Amino acid sequence: MDRDPILLTPGPLTTTLRTKLAMLRDWGSWDTGFIELTARVRERLLAIVGAPDTHTVVPLQGSGTFSVEAAVATLVPRTGHVLVLDNGAYCKRAARLATLMGRRATLLPFPEDQPVSPVALDAALSADPGITHVMLIHCETGTGVLNPLAEVARVCERQGRGLIVDAMSSFAALPIDAREIRFDALIAASGKCLEGVPGMGFVFLRKAVLAQCAGHSQSLAMDLHDQWQYLEKTGQWRFTPPTHVVAALAEAIAQFDEEGGQPARLARYDDNCRTLIAGMRALGFQPFLDARWQAPVIVTFHAPAHPVYDFRRFYEAARAQGFILYPGKLTEVETFRVGCIGAIGANEMRQAVAAVARALDVMGIDSGAPAR
Ligand SMILES: *Cc1c(COP(=O)(O)O)cnc(C)c1O
């Protein structure tokens, strides 16, 4: 097959030809054209969260995790204490990176198949006034569960604690309005629901908070306060910017606007998710999550019970038909994941289900049904 495979993964994901073509140009980082491009992208990003004046957005080179690390390094003082609401792998990663940077981090555990509880958070904060910041993963991509951002934000505001939100896999698909949801930092990246290419993250920051954060970061490259100051002064990134990634993101945002913005993107992903789950159920597969908690971003399915099932072979068989699946991230149960995001629609999801059906056939598996 000479077509690129369809990426059913949580990033990198399938992008449009128009987005790819935007990268066929070399930009000088000092050039007015690139400075304007950066300014335009930042302005559009701020408009998407509805916060042009009260907040700023600081882009950062690297994958999404670099920006999570930078947000913690910049916002949390070295004597701070972060409480991470934990219902999955990305939550644990956030706590680990905070710990490695020398911040005190505590996990507040919840079951992996359910959202975190704002009531339990409220109790934990009341019990420990030393907690300075709360970290929430909006959509826990390890399972696909959607966490209650608005309720968590209200608890943090009432308790007077900072809130750092990893909205990597939800931003631009699920509604997030900074006028209604009070956060200190909210992190996302180019290669997720905006459907750009991977290579940069960006952090929305409340200016009143960020202004107090000079000198917090123990890292030069990860210092968002410094990056912000430099951008405001010069319009330029500190250090070599991912120029082609920024150009692709600008083009991806133009298409996001043309499609109808966040509501249209959510509608398409909802449709993708419904089409996928209906098709997979017809093959016997069971989603891991209750439909109530499922974000239309990535769906975790139980592995088939059939004794010859093996993810690697299943992956290869689907790959041979042009579809890239994603491994599971759960330790207790065997699962695999299928993404609903990217420049794909219900047709691609139906084709993906057909590819999964063929893969089962090739492997001699008669049903996707999991063990009881
Ligand atoms: C994708 C993602 C990240 C960032 O992962 P990278 O591999 O560093 O790009 C962080 N948090 C969540 C919830 C994600 O979905």
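Residues numbered from 1 in each chain as written. Predicted model: local features only at pLDDT ≥ 70, side-chain atom pairs only at ≥ 80, totals over all residues. Heavy atoms only, no water.

Next up on the list: the environment of L75. Of note, L75 is situated in helix α3 (residues 64-75). Beyond its immediate stretch of four places on either side in the chain, L75 contacts H133, I164, D184, A185, L205, V209, C213 and H216. (Helix = DSSP H or I, 4+ residues; strand = E, 2+ residues; numbered from the N terminus. Contact = heavy atoms within 4.5 Å.)

Within a sheet, adjacent strands bond to each other through the backbone by hydrogen bonds, running parallel or antiparallel. The sheet built from 3 strands is open, its strands ordered β11-β14-β13 with antiparallel pairing. Looking at the sheet topology across the chains shown, the edges are occupied by β11 (298-302) and β13 (326-327). Relative to strand β14 (residues 335-339), β11 runs antiparallel, the two sharing 5 bridges. The partner of V299 across the bridge, within β14, is V338. (Pairing = 2+ DSSP bridges.)

Let us look at the nonpolar core. For soluble globular proteins, nonpolar side chains are generally found buried alongside one another. L163, F171, L194, F202 and F204 are the most contacted members of the largest nonpolar core, which has 60 residues in total. Residue contributions to this core reach at least three from each of two domains, namely domain 1 (6-11 + 261-363) and domain 2 (17-258). For L194, the residues in contact, after removing those within four places along its chain, are L45, I48, F171, A172, F202, L249, A252, I253, F256 and R265. In this structure, V72, V82, L205 and C213 belong to the second largest nonpolar core, which totals 34 residues. (Core = buried A, V, L, I, M, F, W, Y, C linked by side-chain atoms within 4.5 Å. Buried < 20%, exposed > 50% of the residue type's maximum accessible area, 1.4 Å probe, protein only. Domains from an automatic or database assignment.)

This next bit is on the domain arrangement of the chain. When its domains are assigned, the chain resolves into domain 1 (6-11 + 261-363) and domain 2 (17-258). Using C-alpha coordinates to define each centre, domain 1 is positioned 27 Å away from domain 2. Domain 1 puts 23 residues into the contact, and the matching count from domain 2 is 27 residues. When domain 1 packs against domain 2, close to 2100 Å² is buried across both sides, 60% of that on carbon and sulfur atoms. Between domain 1 and domain 2 we count 2 salt bridges in total. Taken together, domain 1 and domain 2 are joined by 12 residue pairs in polar contact (both at pLDDT 80 or more). For the side of domain 1 that touches domain 2, the secondary structure elements donating two or more residues are α10 (261-282) and β11. The element that contributes the greatest number of residues to the side of domain 1 that touches domain 2 is α10, accounting for 6 residues. Across the side of domain 1 that touches domain 2, the residue classes tally to 13 nonpolar, 6 polar and 4 charged. (Buried area = accessible area lost by both parts, 1.4 Å probe. Salt bridge = Lys/Arg side-chain N within 4 Å of Asp/Glu carboxyl O. Polar contact = N/O pair within 3.5 Å; in protein donor to acceptor, adjacent residues only side chain to side chain. Nonpolar A, V, L, I, M, F, W, Y, C, P; charged D, E, K, R; others polar.)

What follows deals with the packing of aromatic side chains. Applying the stated criterion across every chain, the model contains 11 aromatic pairs. With a centroid separation of 6.3 Å and an interplanar angle of 65 degrees, the aromatic rings of F285 and F301 are classed as edge-to-face. Taken together, the residues span a long stretch of sequence, with F285 in the loop between α10 and β11 and F301 in strand β11 at a distance of 16 residues. Of the two residues examined, F285 and F301, each falls in the buried class. Considering the side-chain rings of F314 and F336, the 5.0 Å spacing of their centres and the 70 degrees angle between planes classify their relative orientation as edge-to-face. Of the two residues, F314 sits in helix α11 (residues 311-319) while F336 sits in strand β14, which places them 22 residues apart along the sequence. For the residue pair F314 and F336, the accessibility class agrees, reading buried in each case. (Phe/Tyr/Trp six-rings, centres within 6.5 Å; stacked < 30°, edge-to-face > 60°.)

Moving on, we come to unusual backbone geometry. G11 connects to P12 through a cis peptide bond whose omega is -5 degrees. In this structure, P12 sits in the loop between β1 (6-7) and α1 (17-21). Look at F239: it is not a glycine, yet its phi comes out positive at around 70 degrees. Within the secondary structure, F239 is located in the loop between α8 (224-234) and α9 (243-259).

Below, the discussion takes up the side chain of T19. Position of T19 relative to the elements: it lies in helix α1. A relative accessible area of 1% places T19 in the buried class. Side-chain polar atoms of T19 contact the side chain of Q255, separated by 2.8 Å.

So, on to the pattern of salt bridges. Summed over all chains, the structure comprises 16 salt bridges. The shortest N-O distance in the salt bridge between E251 and R18 comes to 2.6 Å. A residue pair is termed long-range when its members are at least 10 positions apart, and E251 in helix α9 and R18 in helix α1 qualify at 233 residues. Taking the relative accessible area as the measure of exposure, R18 reaches 35% and is therefore partly exposed. E259 is the salt-bridge partner of R265, the closest N and O atoms lying 2.6 Å from each other. A network of salt bridges, in which partner residues are shared, links E195, E259, R265 and R268.

Around the ligand, the surrounding shell consists of S63, G64, T65, Y90, R93, I137, C139, T141, D166, M168, S169 and K192. Here an oxygen atom of the ligand and a side-chain polar atom of T141 are 2.5 Å apart. The protein chains hide 83% of the 380 Å² of surface that the ligand would expose on its own. Within the residue set of the shell around the ligand, elements represented by two or more residues are α3 and α4 (89-100). (Near = heavy atom within 4 Å. Areas by Shrake-Rupley, 256 points an atom, 1.4 Å probe, with all protein chains shown as cover.)

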